[in-house]
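So the chains spell out like this:
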Amino acid sequence: MMRCILIVGILLPHSWAHPGFFTSIGQMTDLIHTEKDLVTSLKDYIKAEEDKLEQIKKWAEKLDRLTSTATKDPEGFVGHPVNAFKLMKRLNTEWSELENLVLKDMSDGFISNLTIQRQYFPNDEDQVGAAKALLRLQDTYNLDTDTISKGNLPGVKHKSFLTVEDCFELGKVAYTEADYYHTELWMEQALRQLDEGEVSTTDKVSVLDYLSYAVYQQGDLDKALLLTKKLLELDPEHQRANGNLKYFEYIMAKEKDDNKSTSDDRSDQKTTPKKKGVAVDYLPERQKYEMLCRGEGIKMTPRRQKKLFCRYHDGNRNPKFILAPAKQEDEWDKPRIIRFHDIISDAEIEIVKDLAKPRLSRATVHDPETGKLTTAQYRVSKSAWLSGYENPVVSRINMRIQDLTGLDVSTAEELQKDEPDAFKELGTGNRIATWLFYMSDVSAGGATVFPEVGASVWPKKGTAVFWYNLFASGEGDYSTRHAACPVLVGNKWVSNKWLHERGQEFRRPCTLSELE
């Protein structure tokens, strides 16, 4: 069994998205081709309109010359029998033909194509999901709004900029979610770009309206009052701003009176303002995770680093690897994480991807409350399950894992289970080890991190990492808890093999110690 997971970056990647939003890299590229087709159709429509106007223009120029001559000597002009005949013909027939030409709708083809393609367009929920994904990437990789807006992301091939309207939209999405922290950041970015002279349909009044309220919600009453006054300088009749101004002044006056009357025991009575500068869904564990995603907080000392080695590995004298041993590198010591280099070829990768693409479906996680598998907001990968009998390449890859790890792959998972007791249903015990292929390079982001021990493992195409999830005693090794970081730029393909306890009794004998 080979499990192929597609993790998409944003913009997208596609990574941290709205619960209802997920678009795989394949779907995104399809949308690009759809838009290209619509642009071609639009250009055809424009050409048709230009041809139509050119015909009308030529007809008008011809008639202009004719009528200029005729009006100089009307009687003499119509005295010629041919001119008289042609005047009757033009007014009776040709002007009707011109009317039909003017009324002819050249947009039918474009509108028809647009109507057909619209069924594949993202909806409002998708757009919100993409915006929230970008906000999560901003937090994970500690990016300021100006860096994102100017497109200065690491490893980008196609630089893209955010307009004032784009920044305003991101701020509004955050506002709708009551995420006033991000609302403030993006409304301030929109305001900066307007102050720098960017021409926009979004005006400063609208930006300041959102910004002042977001700042107030975070407890900074002084700044909220200042922003409201700035808004009223631009629009003195703004109804909401005038109401907010009176309310803010009232609150400030009340707090001043309260502070004055309770000056003796201020330390006991003072209220704590809302904490600024922290996202609405902040968690300490998430902070550790995000630091590791950025390559920060890695707990590998130089002394430990010196004990990590590279070597050639022959799979314990396996005949397949004696003459061509695998390249093996220590990534981490405790838990021991090993990387195999050049372990899967580009051709094999493409075959696995081609097999997986038609059956990719949203990956699931176990809900701790219900015990059932469900989709999660933080996990937006797609996965497909491939069995060895489907293709000789998959079978060959399975045997390669068995030869190099010394573990029996016959008890590995063959089907994706939807029941909470998936392992029990398989009857093969717990997952003893994980083998993870990296099937693409990632321009930025996409690391696999182990928060318990402060380890980060970065994607590298053609390599694989391997570690044991259980001690030899069968007890779980919680230091192997891991998570995938969102892709910042690019896209990430991985495929992993989960090996189970059953069948490994003589390949990895248990010990008497729980920690061995």
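Below: a short report on this structure. Keep in mind it's a predicted model, so treat the numbers as computed, not measured.

### As for the environment of A60
Here is step 1 of the chain: With respect to the helices and strands, A60 occurs in helix α1 (residues 25-72).
Here is step 2 of the chain: For the pair A60 and L98, spaced 38 residues apart in sequence, the C-alpha to C-alpha distance is 9.8 Å.

### Examining the pairing of strand β13 (residues 463-468)
Here is step 1 of the chain: Of all the six residues making up β13, five are buried; the element is thus mostly covered by neighbouring parts of the structure.
Here is step 2 of the chain: Bridging between strand β4 (residues 337-341) and β13 involves three bridges; their strand directions are antiparallel. Its bridge partner lying in β13, R339 is registered against V465.
Here is step 3 of the chain: Pairing geometry for strand β9 (residues 431-438) and β13, over six bridges, is antiparallel.

### Description of the pattern of salt bridges
Here is step 1 of the chain: Taken as a whole and assessed by the stated rule, the structure comprises 23 salt bridges.
Here is step 2 of the chain: Where D51 meets K47, a salt bridge forms, and the shortest distance between an N and an O atom there is 3.1 Å. Residue D51 and its partner K47 are located together in helix α1, separated by four residues, close to a single helical turn.
Here is step 3 of the chain: In this structure, a network of salt bridges that share partners links the residues D139, R286 and E290.

### Some remarks on the nonpolar core
Here is step 1 of the chain: Of all hydrophobic cores here, the largest spans 43 residues; its most connected members are Y141, W186, V207, L211, V449, C485 and L488.
Here is step 2 of the chain: Two domains each put at least three residues into this core: domain 2 (124-250) and domain 3 (298-500).
Here is step 3 of the chain: Apart from residues lying up to four places away in sequence, V449 is in contact with Y289, L292, C293, A455, S456, R481, H482, A483 and C485.
Here is step 4 of the chain: Counting residues in hydrophobic clusters, the runner-up holds 28 residues, among them L404, V409, A433 and W435.

### Looking at the packing of aromatic side chains
Here is step 1 of the chain: Applying the stated criterion across every chain yields a total of 16 aromatic pairs.
Here is step 2 of the chain: For the ring pair Y175 and Y210, a centre distance of 4.9 Å and an interplane angle of 90° mean the geometry is edge-to-face. Residue Y175 is located in helix α7 (residues 164-176), and its partner Y210 is located in helix α9 (residues 204-217); the two are separated by 35 residues in the primary sequence.
Here is step 3 of the chain: Accessibility expressed as a relative area gives 29% for Y175, which makes it partly exposed.
Here is step 4 of the chain: Look at Y180 and Y213: their rings are 6.0 Å apart centre to centre, the planes differ by 80°, and that puts the pair in the edge-to-face class. With a gap of 33 residues between them, Y180 in helix α8 (residues 180-195) and Y213 in helix α9 connect regions that are remote in the sequence.

### Focus: the packing of helix α16 (residues 346-356) against helix α17 (residues 392-405)
Here is step 1 of the chain: At a minimum axis separation of 10 Å, α16 and α17 run at an interaxial angle of 120°. Relative to α17, α16 is oriented oblique. Viewed along their axes, α16 and α17 form a crossing whose handedness is left-handed. Contacts between α16 and α17 involve E348, I351, V352 and L355 from the first element and V393, V394, R396, I397 and R400 from the second.
Here is step 2 of the chain: Among the residues forming the contact of α16 with α17, the class breakdown is six nonpolar, no polar and three charged.

Calculation notes
Residues numbered from 1 in each chain as written. Predicted model: local features only at pLDDT ≥ 70, side-chain atom pairs only at ≥ 80, totals over all residues. Heavy atoms only, no water. Helix = DSSP H or I, 4+ residues; strand = E, 2+ residues; numbered from the N terminus. Buried < 20%, exposed > 50% of the residue type's maximum accessible area, 1.4 Å probe, protein only. Pairing = 2+ DSSP bridges. Salt bridge = Lys/Arg side-chain N within 4 Å of Asp/Glu carboxyl O. Core = buried A, V, L, I, M, F, W, Y, C linked by side-chain atoms within 4.5 Å. Domains from an automatic or database assignment. Contact = heavy atoms within 4.5 Å. Phe/Tyr/Trp six-rings, centres within 6.5 Å; stacked < 30°, edge-to-face > 60°. Axes fitted to C-alpha atoms, helices over the stretch in contact; angles between N-to-C directions. Parallel < 35°, antiparallel > 145°, perpendicular 65-115°, else oblique. Left-handed = near helix turned anticlockwise from the far one by under 90°. Nonpolar A, V, L, I, M, F, W, Y, C, P; charged D, E, K, R; others polar.

Read these as layout, nothing more, since geometry by itself doesn't imply function.
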